[in-house]
Amino acid sequence: MITITTLGPEQCEPVPDAGLGTLRTERGNLPLESVDVTATVTGLIAGVEMVQGFRNPHDVALEATYVFPLPDRAAVTAFRMEAAGRVIEGVLKERGQARADYDQAIAEGRRAAIAEEDRPDVFTIRVGNIVPGERVTVHLALDQPLPYEDGAATFRFPLVVAPRYIPGAPLDGERAGDGWAPDTDAVPDASRITPPVLLPGFPNPVRLSLAATIDAAGLNLREVRSSLHTVLREGNTVQLQPGERLDRDFILRLVFDASTSLSLVPDGEGEEGTFALTVVPEEAPTTAAPKDVVLVLDRSGSMDGWKMVAARRASARIVDTLTAGDRFAVLSFDTVVERPERLGEGLVEASDRNRYRAVEHLSRLEARGGTEMLQPLEQAVALLGDRSRDRVLVLVTDGQVGNEDQILDRLGTRLAGVRVHTVGIDRAVNAGFLSRLTGFGKGRCELVESEDQLDEAMENIHRRIGAPLVTDLSLKGDGLGLVSGATGRLGAIYPGVPLTVHGRYRGDAAGSVVLGGLDAAERPWERRVAGARVDNPAVRSVWARARLRELEDRYAAGDHSLEEEIVATSLRYGVLCRFTAFVAADTRVVAEGGPEHRVIQPVELPSGWEAPAVAAAPMAMSWMSASAAMSAPPPAPGAMPAPPAAPKPRMAAPGFAPGGGAPHSGGGEALDWMEQEQQRGPAPQEEPLDAFRAQLAEELRRLRAAASLRVADRLRYLVDLGNRLAALAALHGGHAELAALAKDLTSCEAPADVDTLWQLAVHTLETLSRPRKRRPFWKR
């Protein structure tokens, strides 16, 4: 018997918002201490500096990893690391070279940091060899364009990477990252975009400050409003209240009147420059041309709560706006695709009865299951095959999937002639993917961060789901030499949405451009805009980022010949992309032998998401004991399995879930991310394909050893080998090549065929037993 003396109230002061079992130490237990964001908004561009402060609370050298979001259209142009009074400027390099430089510096005991892009809006920073008690800061500089719609510009700065659904079969071999999800054939870098998530009740681990200063020069600024945060305003500076958590986007709307303009920004060297064209559309009545509309609604588990309510309302509103000349279909999906009863498999007329049946179906939908988005989108595109009609696809979702590249690869070329509109509903929406999808379909992306904003957003969608004001756009210079192919997709002009085009020019910063197209009545439309020389270097980096995004999307859609052009463009203009990385390496050795401890920073559960109540306590307890033991924990009940332990495992700190919380999926259904992991089962101790190749290598060794046998004995050996290989092929899902070899060997009867089949068996086993060299994850 052991007597435990309880502590009195004066000995254990409560921690605000702390959960049961939470421990607090003087040094803390997570490496990321602070995030400071400072923005200056000038017109439709914001210059931003982001400073992340890391501190090593351990007694050994540390490598810290932080997966975080940035605005999907922002251009990261500078990176530096500061520690112990030393300032190390980052250098932009080809990504493989940057990673090699970082690894070498870490192995040699030098401080180093690397910044990498994994998605247009998901980035990873690693800071290595932080010595005990030391504080290191990393600084990112970026230029961010502000979208302008319906009289207001929006400054949106994301603060958390939400859990994403990861489809596909797990890959063998080394993992790309240290997140909770395994890499799969659909998402080869899933382990890099799935950081662990803090459990509810964990005290706020990161001090957040965010301030935006608005340069109102030349603007008739009528209103500034924050959507999701309470802010303090002093003059033209808006800042967050202290104590806010990194759990939702920061959204600031600036109400002012935009005007048509053409800004010309010389490079400062040579005879080239960058232009920024803004064309504000004139007020015009919307047309109601007959159209085919397919509405695709995400009802997966991550849509639970207010998001599902908003999605149902948004979808019903879209259906109600259809007219008698329209045809439509409604597809709702999670792990399966469903359609309204009595509406058939194809498009139906938008009669009152059919619209009522569709709305009735939508009203019964609840969140559940996983986010298998590719299949419903492919079905939607297949339904929109009549090129004689206006074709519209509307996707309503939070966008929380990891297989964005796979979706764009499968759909990119098939979206020609289809206008794609997306409605993103979340406080931490995957805006990068949704805007990429609408870019292919020349549509609009509308983001809804709260129910309060839904009615305004739906009014905008209603006006834009109809025919655009101007289509078939083209741009030519008049006294200004435009660089061919540098303007990207021109898209279309929609009511209330100015067209913004960035491009390159050669020669003097003077002249005009002429924007042409067809109006809603198919009549020629033209607008001439005179240029004005301005001094704003951010225009150049914003263009470069847009150009890189277009090239990367084409790469994702299958054009892998663009790799060299992507790298060259990134390095020339100094803008980070998925094929390059910023690396900062110190020259001073501070930790002999490299870091002895590695931690991946857990992130917040997004605001509005519900955590798994039953599994929360066991997960916290299991990870607390695991952190102390420095070994990978067993999965808690209802939680996803942790990655296998490594010699120097990257551990997240106690008090978080390995897979993070995700919303309950209604009616007691499993969480979508939990469901997919439970279906896969626990992580095997040995990679199945590695074991498969090991068995084939052993068969190859034995086959070569039997090469000196007599012909009759070799014949019997081949038949026996065929039987063993047939069983092995069946064990591994009917491996086609191995099954074909087994069939040839077991059917061998003539001694004359022995030599031929022997060579075939050797060649096939050599090929199948040889480990496949995996391409770098960012090139897959």
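Residues numbered from 1 in each chain as written. Predicted model: local features only at pLDDT ≥ 70, side-chain atom pairs only at ≥ 80, totals over all residues. Heavy atoms only, no water.

A. Spatial organisation of the packing of helix α13 (residues 711-731) against helix α15 (residues 754-769). Running from N to C, α13 and α15 point in directions that differ by 40°, and their axes come no closer than 10 Å. Judged on the interaxial angle alone, α15 and α13 are oblique. Crossing hand, α13 versus α15: left-handed. For the pair α13 and α15, the contacting residues are V711, R714, L715, Y717, L718, L721 and L725 in the first and V754, D755, L757, W758, A761 and L765 in the second. Here the contact of α13 with α15 is composed, by residue class, of 11 nonpolar, no polar and 2 charged. (Axes fitted to C-alpha atoms, helices over the stretch in contact; angles between N-to-C directions. Helix = DSSP H or I, 4+ residues; strand = E, 2+ residues; numbered from the N terminus. Parallel < 35°, antiparallel > 145°, perpendicular 65-115°, else oblique. Left-handed = near helix turned anticlockwise from the far one by under 90°. Contact = heavy atoms within 4.5 Å. Nonpolar A, V, L, I, M, F, W, Y, C, P; charged D, E, K, R; others polar.)

B. Representation of the sheet that holds strand β29 (residues 499-506) within the structure. Taken in spatial order, the 5 strands of this open sheet run β28-β29-β19-β18-β32, and their pairing is mixed. Sheet topology places β28 (481-482) and β32 (532-533) at the edges, where each strand pairs with a single neighbour. By the bridge criterion, 2 bridges tie β28 to β29 in an arrangement that is antiparallel. Directly across from G481, in β29, lies its bridge partner R506. Across the sheet, helix α8 (residues 538-556) is in contact with β18 (261-266), β19 (272-279) and β29; its angle to β29 comes to roughly 105°. (Pairing = 2+ DSSP bridges.)

C. Region of interest: the sheet that holds strand β5 (residues 86-89). Within the open sheet, the 8 strands sit side by side as β5-β4-β9-β2-β1-β13-β16-β15. Their pairing is mixed. Two strands bound the open sheet, and with one partner strand each, they are β5 and β15 (231-234). Taken pair by pair, the neighbouring strands of this sheet meet at an average axis angle of 15°, ignoring direction.

D. Representation of the environment of Q379 in the model. One can find Q379 in helix α4 (residues 374-383). The spatial distance from the C-alpha of Q379 to the C-alpha of V294 is 9.5 Å, given a sequence separation of 85 residues.

E. Structural view of helix α5 (residues 404-411). Within α5, burial applies to E404, D405, I407, L408 and L411. Projected down its long axis, α5 shows its buried positions confined to an angular sector of 160°, all on one face. On its buried side, α5 packs onto β7 (110-119), α4, α6 (431-441) and α8. (Buried < 20%, exposed > 50% of the residue type's maximum accessible area, 1.4 Å probe, protein only. Arc of directions from axis to C-beta.)

F. Spatial organisation of the side chain of T274. Among the secondary structure elements, T274 is positioned in strand β19. Using a relative accessible area of 0% as the deciding quantity, one classes T274 as buried. Within the structure, the side chain of T274 is placed 2.8 Å from the side chain of R504, a separation counted as a polar contact. Look past the residues within four positions of T274 in its chain and what remains in contact with it is S263, L264, V265, D267, G503, R504, Y505, V539, R540 and W543. (Polar contact = N/O pair within 3.5 Å; in protein donor to acceptor, adjacent residues only side chain to side chain.)

G. The arrangement of the packing of aromatic side chains in detail. Per the counting criterion, the structure on display carries 9 aromatic pairs. Aromatic side chains F155 and F157 sit 6.3 Å apart centroid to centroid with 35° between the ring planes, which places their arrangement in the tilted category. You can call F155 buried: its relative accessible area is 0%. Looking at F157, the relative accessible area reads 0%, which means it is buried. Pairing W543 with Y573 gives two aromatic rings, centres 5.1 Å apart and planes at 75°, and the pair type is edge-to-face. In this pair, W543 sits in helix α8 while Y573 sits in helix α9 (residues 563-573), placing the two residues 30 residues apart along the sequence. We note that W543, like Y573, is buried. An aromatic cluster is present here, built from Y66, F68 and F123 joined pairwise through their rings. Directly above the ring of W758 sits R714, whose terminal nitrogen or CZ lies 4.7 Å from the centroid. (Phe/Tyr/Trp six-rings, centres within 6.5 Å; stacked < 30°, edge-to-face > 60°. Lys NZ or Arg CZ within 6 Å of the ring centre and 35° of its normal.)

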